[in-house]
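A closer look at the structure
Each chain, written out:
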Amino acid sequence: MAVVGWVVAVPLAGVSLRVRAGGGEPAVVHGVGFAMVVVAAVLAGVAAAVLLAVLERRTRRAGRWWVNIAGATLASSFAGPLRAADVATGMALAGLHLLVGVTLLVGFARTIRCSPPADGC
């Protein structure tokens, strides 16, 4: 999904994904390219899968814990787009975060195994 979001934002909408780095003056601006978007999405997916696997082995309500942790992680990830160099970039990056986060939340939530007496997986 990150690829679709990037294609819509950059080539189709013409947004130049640029973020400010560091806190000094003058502000250093870096571009966010296709590879960076794909790598970030893959790493988020791997982290989500590892977390779910660990929770399923160690807790009775892995699903509930996983959804809460994943939701909090998604919410905190929106701090990243605040470093955007302009409003269009901020909106595009926030959209990418939301697209990847919701895809992971919905996708992995469907794979959660429930053990019979565990109410509220």
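Structural data are supplied above this passage.
Notes on the structure follow. Note that the coordinates shown come from a computational prediction; the quantities given were computed from them, not determined experimentally.

A word on the overall build of the protein
The helix and strand inventory of the protein stands at four helices and two strands. Projected onto its principal axes, the C-alpha coordinates of the protein cover approximately 55 × 30 × 20 Å. A total of 121 residues make up the protein; the buried ones form 30% of that total. Relative to all contacts within the protein whose residues are 6 or more apart in sequence, the contacts with residues 24 or more apart total 66%. As displayed, the protein offers around 7500 Å² of accessible surface, 69% of which is attributable to carbon and sulfur atoms. Taken as two groups, the 10 positive and 4 negative side-chain charges of the protein have centres that lie 9 Å from each other.

Description of the nonpolar core
With 25 residues, the main nonpolar core has Leu17, Val32, Val37, Trp66, Leu93 and Phe108 as its most contacted residues. For this core, the secondary structure elements donating two or more residues are helix H1 (2–12), helix H2 (34–58), helix H3 (62–77) and helix H4 (87–109). Apart from residues lying up to four places away in sequence, Val37 is in contact with Ala2, Trp6, Val32 and Leu96.

A word on the packing of aromatic side chains
Across all of its chains, the model carries two aromatic pairs by this definition. Aromatic pair Trp6 and Phe34: ring centres 5.1 Å apart, planes at 70°, arrangement edge-to-face. Of this pair, Trp6 sits in helix H1 while Phe34 sits in helix H2, and the two are 28 residues apart along the sequence. For Phe34, a relative accessible area of 36% translates into the label partly exposed.

A look at the environment of Val29
Examined against the element boundaries, Val29 turns out to sit in strand E2 (residues 28–31). Since its relative accessible area comes to 39%, Val29 is described here as partly exposed. A C-alpha to C-alpha distance of 35 Å links Val29 and Trp66, two positions 37 residues apart in sequence. Apart from residues lying up to four places away in sequence, Val29 is in contact with Arg18, Val19, Arg20 and Ala85.

Looking at the environment of Gly90
With respect to the secondary-structure elements, Gly90 resides in helix H4. Using a relative accessible area of 14% as the deciding quantity, one classes Gly90 as buried. Distance in space between the C-alpha atoms of Gly90 and Gly80 is 8.7 Å, their sequence separation being 10 residues. Sequence-distant contacts of Gly90, defined by excluding residues within four places in its chain, comprise Pro81 and Ala84.

Points about the pattern of salt bridges
If you walk through the whole model with that rule in mind, you get one salt bridge. Between Arg18 and Asp86 there is a salt bridge; the shortest N-O distance is 2.5 Å. With Arg18 in strand E1 (residues 18–21) and Asp86 in the loop between H3 and H4, this residue pair connects regions lying 68 residues apart in the sequence. Under the relative-accessibility criterion, Arg18 is labelled partly exposed at 33%.

Some details on the packing of H1 against H4
Close contact between H1 and H4 brings their axes to 9 Å; oriented N to C, the two are set at 160°. Of the possible angle classes, the one that applies to H1 and H4 is roughly antiparallel. Here H1 runs over H4; the crossing is right-handed. Contacts between H1 and H4 involve Ala2, Gly5, Trp6 and Ala9 from the former and Ala92, Leu96, Leu99 and Val100 from the latter.

Procedures and definitions
Here the residue index of a chain counts from 1 through its sequence in written order. For a predicted model such as this one, the threshold for reporting local features is a pLDDT of at least 70, and the threshold for listing and counting side-chain atom pairs is 80 or more; totals across whole chains, interfaces and linings nevertheless cover every residue. Excluded from the side-chain calculation are hydrogens and water; included are all heavy atoms of the structure. Only runs of H or I of at least four residues qualify as helices and only runs of E of at least two qualify as strands under DSSP, and these elements are numbered from the N terminus. Here the term buried applies to any residue with accessible area under 20% of the maximum for its type, exposed to any over 50%, and partly exposed to those in between, with areas from a 1.4 Å probe on protein chains only. Whether two residues are in contact is decided by their heavy atoms, any of which lying within 4.5 Å being enough. Exposure was quantified through the Shrake-Rupley algorithm and a 1.4 Å probe, taking into account, for residues, occlusion by the shown protein chains and nothing else. Charged residues are defined narrowly, with Lys and Arg counted positive, Asp and Glu counted negative, and His plus the chain ends left uncounted. Taken as the charge location is NZ of Lys, CZ of Arg, CG of Asp or CD of Glu. Among buried residues, the Ala, Val, Leu, Ile, Met, Phe, Trp, Tyr and Cys ones that are joined through side-chain atoms within 4.5 Å form a nonpolar core. Working definition: a ring pair exists when centres of Phe, Tyr or Trp rings (six-membered ring for Trp) sit within 6.5 Å. Plane angles under 30 degrees give stacked, over 60 give edge-to-face, the rest tilted. One side-chain nitrogen of Lys or Arg within 4 Å of one carboxyl oxygen of Asp or Glu is enough to make a salt bridge. Every angle, taken between N-to-C directions, lies between 0 and 180 degrees, and every axis is a line fitted to C-alpha atoms, over only the stretch in contact when it is a helix. Oblique is the label for any angle not covered by the other classes, which are roughly parallel (under 35 degrees), roughly antiparallel (over 145) and roughly perpendicular (65 to 115). Two helices that cross are described as forming a left-handed crossing if the nearer one is turned anticlockwise from the farther one by less than a right angle, and a right-handed crossing if clockwise.

Structural measurements only, silent on function.
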